[in-house]
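Chain and residue survey
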Amino acid sequence: MNDTEFALLISDPRGPEEVLPLLAAEELANLLDALYQNLDTPAPALGAQSWYELAVEESARRTGSPETEQTA
């Protein structure tokens, strides 16, 4: 995922709650990687932490992680 794609995605006005479930598995994995790398910079993008947390939850939900099943 390039910087432009990343910026467009996390600035989507629908927000992560609506966007993340629509992503294909590979797109979600690429976004998680881009978010992780972005958060490891001195000045992460605004909202990147929230997107990352929700993307991790979406990924766990898709894989049927026991942790997400207990809280659901």
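Right above here is the structure, for reference.
Let me sum up the structure you'll find in this document. (Residues numbered from 1 in each chain as written. Predicted model: local features only at pLDDT ≥ 70, side-chain atom pairs only at ≥ 80, totals over all residues. Heavy atoms only, no water.)

**Overview of the pattern of salt bridges**
What the rule picks out here adds up to three salt bridges. A network of salt bridges, in which partner residues are shared, links Glu58, Arg61 and Arg62. (Salt bridge = Lys/Arg side-chain N within 4 Å of Asp/Glu carboxyl O.)

**Considerations on the packing of helix H1 (residues 3-10) against helix H3 (residues 25-39)**
Relative placement of two packed helices is described by the angle separating their axes and the distance separating the axes. Relative to each other, H1 and H3 sit at 95°, their axes nearing to 11 Å. With respect to H3, the element H1 is oriented roughly perpendicular. Side by side, H1 and H3 meet where Phe6, Leu9 and Ile10 of the first sit next to Leu31, Ala34, Leu35 and Asn38 of the second. Among the residues forming the contact of H1 with H3, the class breakdown is six nonpolar, one polar and no charged. (Axes fitted to C-alpha atoms, helices over the stretch in contact; angles between N-to-C directions. Helix = DSSP H or I, 4+ residues; strand = E, 2+ residues; numbered from the N terminus. Parallel < 35°, antiparallel > 145°, perpendicular 65-115°, else oblique. Contact = heavy atoms within 4.5 Å. Nonpolar A, V, L, I, M, F, W, Y, C, P; charged D, E, K, R; others polar.)

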